[in-house]
Amino acid sequence: NVRPGTTPDQALIQVEVEEQPTGSLSLGGAFSSSEGLSAQISITERNFLGRGQTVNGTISASTQFANYELGFYEPALFDRDLS
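Here is a short report on the structure shown in this document. Model, not experiment: these values are computed from the prediction.

**Considerations on the overall build of the protein chain**
Moving on, step 1. A count of helices and strands for the protein chain gives zero helices and six strands.
Moving on, step 2. The secondary structure elements of the protein chain, listed N-terminal to C-terminal, are β-β-β-β-β-β.
Moving on, step 3. Relative to the globule expectation of 12 Å for 83 residues, the C-alpha radius of gyration of the protein chain, 22 Å, shows a markedly less compact shape.
Moving on, step 4. Dimensions of the protein chain, computed from C-alpha atoms along their principal axes, come out at roughly 75 × 30 × 20 Å.
Moving on, step 5. Out of the 83 residues in the protein chain, the part that is buried amounts to 11%.
Moving on, step 6. Considering only intrachain contacts with a sequence separation of at least 6, the fraction spanning at least 24 residues in the protein chain is 12%.
Moving on, step 7. Summing over all exposed atoms, the protein chain offers an accessible surface of approximately 7200 Å²; the carbon and sulfur share of this is 55%.

Set out below in structure tokens:
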């Protein structure tokens, strides 16, 4: 909503924001004749501590292997538009 400001060259802008969930949890499972039973769990937070950063972790395991992964994403690395 835009309303006139205190002078003709100014305006008051009112913005309504609706927040949405920023985290997700994913679970998975599979079976194959070569690997046997396997499972995966993953958790992601897309707005970590309200700073726009993304943190994620994944654990994958089967009867043959185990894999652990941690991730961190910074959208404005070194005050530049890098990731």
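Past the structure itself, the notes keep going.
**So, the pairing of strand β6 (residues 66-73)**
Moving on, step 1. As paired elements, strand β5 (residues 53-62) and β6 share eight bridges and run antiparallel to each other. Residue Ala 61 lies in a different strand from β6, and its bridge partner there is Ala 66.

What counts and how
- Residues numbered from 1 in each chain as written.
- Predicted model: local features only at pLDDT ≥ 70, side-chain atom pairs only at ≥ 80, totals over all residues.
- Heavy atoms only, no water.
- Helix = DSSP H or I, 4+ residues; strand = E, 2+ residues; numbered from the N terminus.
- Rg over C-alpha atoms; globule rule 2.2 N^0.38 Å.
- Buried < 20%, exposed > 50% of the residue type's maximum accessible area, 1.4 Å probe, protein only.
- Contact = heavy atoms within 4.5 Å.
- Areas by Shrake-Rupley, 256 points an atom, 1.4 Å probe, with all protein chains shown as cover.
- Pairing = 2+ DSSP bridges.

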